[in-house]
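Per-entry structural report
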Amino acid sequence: MRLAPRASPSSSAALVLFGAVLAQQQQQQSGEQKVLSPSVGDGAGSPFDADFGVFTEEVLHSWHVPGVAVAVVDGESTWAEGYGIANFPSSPVTPSTLFYTGSTTKAFTAAVTSLLIASGNFSSSQDSSPLGWQTPISHLIRDDFVLREGYEWAAAHLTLEDALSHRAGFARHDKALAKRSGPDGGRRSTVRDVARSLRHLPMALEPRVRWRYCNLMFMVVSHAIQTLTGRWLGTTMRELLWAPLGMNGTFLSVEEALGTPGVEVARGYYWDYLGVSGEGEEEGEGGAREKGGFVEVPFSSLEVASGAGGIVSNVLDYSRWIRCLMHEDECTVLPKEAHRELKAARIMLSPESRKGYDAPLAYALGWQLGTYKGHRVFTHGGGMEAHGAKVYFFPDLKYGVVTLANTAVTSNIAGMEVAWKLINDRLGVSEEERFDWGGSSKKTLDEMLKLADTAVEKLYPDRADPPLPRALPLQDYVGTYFHPAYRTVTIELAEGGDSSSSSGIEKKKKGELKAVRDNMEWEMTFEFQHVSGESWAVIIDFLNTPNMLNGQLARAEFVVGVKGTVDKLRMEFLEDGNEGIIVFDRM
Ligand SMILES: *[C@@H]1O[C@H](CO)[C@@H](O)[C@H](O)[C@H]1NC(C)=O
Ligand SMILES: *[C@@H]1O[C@H](CO)[C@@H](O)[C@H](O)[C@H]1NC(C)=O
């Protein structure tokens, strides 16, 4: 559905002085656990003045984000405000609007692990030693944590801590998440299925040598936690973290959130940068479709995202969370040792992570950490198909900012612009000294939008010129190819007979072959552009957000066997660098 450009911002989005709510709830809490007792402010000193409102509306407009919720925690005060639209046509974002919070979930998974460790209730199934950060994962889920031949050491030694700090050695493999598993795909996939798929995947690096972001390892830990506790991770998070912190608007299931009375979940949208949605649109002059407009994205299920990215929450609850993390002495929901361990650096990120900070960042457990103008800062982003979160906190300043917004990719850019304005204003950083987050993101965004045109050059700078012809007629490459973790890739001709397929997207593409992968958790299309011989460039775009902002590239090579037929498809996916070679067999 194509929607009108953003409706005018609502003036009714309420400013909430959050201390009052928290103080009230606190009286209802029993037990020894201390949470926090913020003072009740009187509205003075809010960072959300009229100028900030104008600034934020401009940011939303320029990045094509429907709406954003922002919270600031400053000492004992918490402020929250909503801007723009949560659900078109006119439902405004308020501080209690729920959003997918994506990978900011990871810090909760680590925190829950810290509480299971602290409880002393759990132990290794192998040697009965108490559960700890260094407990090997295989001691918890032995038959499910089996790795490929040659990785026996990693399978025996990779620990909870390795998984929770992205230093296991696996690349992302997000494109290997199948919607359905079991015999004949008879049921929804679970985090156990994800763990069991690792035995079919190459590792990108030796264990513990380098930081490499990997959602799958957080799904593995989710499965380990569920195995230890015998129940769904969402129940454990609620009992051990959300309930004690008063986070009653936080869910690990979008279905549960949508079914809770009085709760509004912001719908996700994408901005139609490429003019691909085209529903009922007439072609404009020169055959170009009209670009722009928000398009609604279906709510995606989070079952497999789980502890890697499955939370739905609001900025009020997230401000309770970061208050706890900053007020270590007061917030005994986490024991002292947990506060310490969750924030201790485990591994450095790449030198490029320095951008905008004093020095390159490090990764703790579910948190990036660094320094900014000499102050320690913890941060994490989260992105789902059509939502984006940014969280920052400066523990020594007792200052933090949270943004949640409802579009793909640009939500995080808007969130950075808004958050860094607040941070820089608070620290009194002069305009000249501020990093240009928007400008640097604009460059990346422009490159993404051109990805389909630049793919061949990017992937194969040294290709044969003129190109060699492929060995076989195009039709002979058509068929279904299978890899046990990546599952099926069904290749069809991109042009000709099948013009009815998905909504005008074909118009924009110049590949000769394509595969529609709607069997995957992240529904996507592979577009194959011939390069030379059996080598192809593959452009990957997401079916629910087909505007290339989440687009990626891959190299592909068809293997023609001795009988003169295509037997295999070798693919090299390149999200955050080379993910290893995946060989699909022709079925
Ligand atoms: C640990 O076990 C005790 C006693 O059975 C129980 O009260 C407590 O809730 C358990 N804690 C966790 C985190 O499992
Ligand atoms: C959470 O608690 C607050 C304050 O008691 C209440 O206003 C709000 O409706 C609750 N939210 C949910 C999702 O139950």
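Relevant structure appears above.
The model shown is predicted, which means the values in this text are computed figures rather than measured ones.

A word on the site of ligand 1
Taken together, Ser119, Asn121 and Phe122 make up the full set of residues near ligand 1. At 2.3 Å from an oxygen atom of ligand 1 is found a side-chain nitrogen or oxygen belonging to Asn121. Contact with the protein chains covers 38% of the free accessible surface of ligand 1, which is 360 Å².

Some words on the environment of Gln529
Inspection of the secondary structure assignment puts Gln529 in strand β21 (residues 524-532). Taking the C-alpha atoms as reference points, Gln529 and Ala452, separated by 77 residues in sequence, lie 9.4 Å from one another. Ignoring sequence-local partners within four residues, the contact set of Gln529 consists of Ala452, Val456, Lys510, Gly511, Glu512, Trp536, Ala537 and Ile539. Looking at Gln529, its side chain comes within polar contact range of the main-chain oxygen of Ala452, at 3.5 Å.

A closer look at the sheet that holds strand β20 (residues 513-517)
Taken in spatial order, the eight strands close into a barrel running β18-β19-β20-β21-β22-β23-β24-β25, and their pairing is antiparallel. Strand-to-strand, the axes of this sheet are offset by a mean angle of 30°, without reference to chain direction. As paired elements, strand β18 (residues 479-483) and strand β19 (residues 487-493) share five bridges and run antiparallel to each other. Counterpart to Phe482 in the pairing with β19 is Thr488. Packing of helix α15 (residues 451-459) onto the sheet brings it into contact with β21, β22 (535-542) and β23 (552-560), and relative to β23 it is tilted by some 55°.

Some remarks on the state of the cysteines
Counted according to the given criterion, the structure contains one disulfide. Sulfur-sulfur distance for the disulfide between Cys324 and Cys331 comes to 2.1 Å. Disulfide Cys324 to Cys331: torsion about the S-S bond roughly -85°, handedness left-handed. Using a relative accessible area of 0% as the deciding quantity, one classes Cys324 as buried.

Section: unusual backbone geometry
A cis amide bond links Phe88 with the next residue in sequence, Pro89, at an omega value of 10°. You will see that His173, though not glycine, has its phi angle at about 55°, which is positive. The topology assignment puts His173 in the loop between α5 (160-164) and β7 (180-181). A positive phi angle, close to 65°, is found at Arg208, a residue other than glycine. Assessed through its relative accessible area of 35%, Arg208 is described here as partly exposed.

A word on the packing of aromatic side chains
Applying the stated criterion to the full structure yields 30 aromatic pairs. Measuring from ring centre to ring centre gives 5.0 Å for Tyr477 and Phe558, while their planes differ by 70°; the resulting arrangement is edge-to-face. Here the residue Tyr477 occupies a position in the loop between α15 and β18, and Phe558 occupies one in strand β23, the gap between them amounting to 81 residues. Here Tyr477 falls in the buried class, since its relative accessible area comes to 0%. Between the aromatic rings of Phe528 and Trp536, the centroid separation amounts to 6.4 Å while the plane-to-plane angle is 75°, which identifies the pairing as edge-to-face. Looking at Phe528, the relative accessible area reads 0%, which means it is buried. An aromatic cluster of three or more residues is present, and its members are Tyr477, Tyr481, Tyr486, Phe526, Phe528, Trp536, Phe558, Phe573 and Phe584. The ring of Phe218 carries the charged tip of Lys106 above its face, separated from the ring centre by 5.3 Å. Here Lys421 stacks its cationic end above the ring of Phe55, 5.3 Å away from the centre of that ring.

Re the packing of helix α13 (residues 410-427) against helix α14 (residues 437-449)
Taken N-terminus to C-terminus, the directions of α13 and α14 make an angle of 165°; their axes are 9 Å apart at the nearest point. In terms of their interaxial angle, α13 and α14 are classed as roughly antiparallel. Crossing of α13 against α14: the hand is right-handed. Judged by residue contacts, Thr410, Ile413, Met416, Glu417 and Trp420 of α13 engage Trp437, Gly438, Ser441 and Leu445 from α14. Each residue belonging to the contact of α13 with α14 can be placed in one class, and the counts come to five nonpolar, three polar and one charged.

Conventions we followed
Residues numbered from 1 in each chain as written. Chains lettered and ligands numbered in written order. Predicted model: local features only at pLDDT ≥ 70, side-chain atom pairs only at ≥ 80, totals over all residues. Heavy atoms only, no water. Near = heavy atom within 4 Å. Polar contact = N/O pair within 3.5 Å; in protein donor to acceptor, adjacent residues only side chain to side chain. Areas by Shrake-Rupley, 256 points an atom, 1.4 Å probe, with all protein chains shown as cover. Helix = DSSP H or I, 4+ residues; strand = E, 2+ residues; numbered from the N terminus. Contact = heavy atoms within 4.5 Å. Pairing = 2+ DSSP bridges. Axes fitted to C-alpha atoms, helices over the stretch in contact; angles between N-to-C directions. Disulfide = S-S within 2.5 Å. Buried < 20%, exposed > 50% of the residue type's maximum accessible area, 1.4 Å probe, protein only. Phe/Tyr/Trp six-rings, centres within 6.5 Å; stacked < 30°, edge-to-face > 60°. Lys NZ or Arg CZ within 6 Å of the ring centre and 35° of its normal. Parallel < 35°, antiparallel > 145°, perpendicular 65-115°, else oblique. Left-handed = near helix turned anticlockwise from the far one by under 90°. Nonpolar A, V, L, I, M, F, W, Y, C, P; charged D, E, K, R; others polar.

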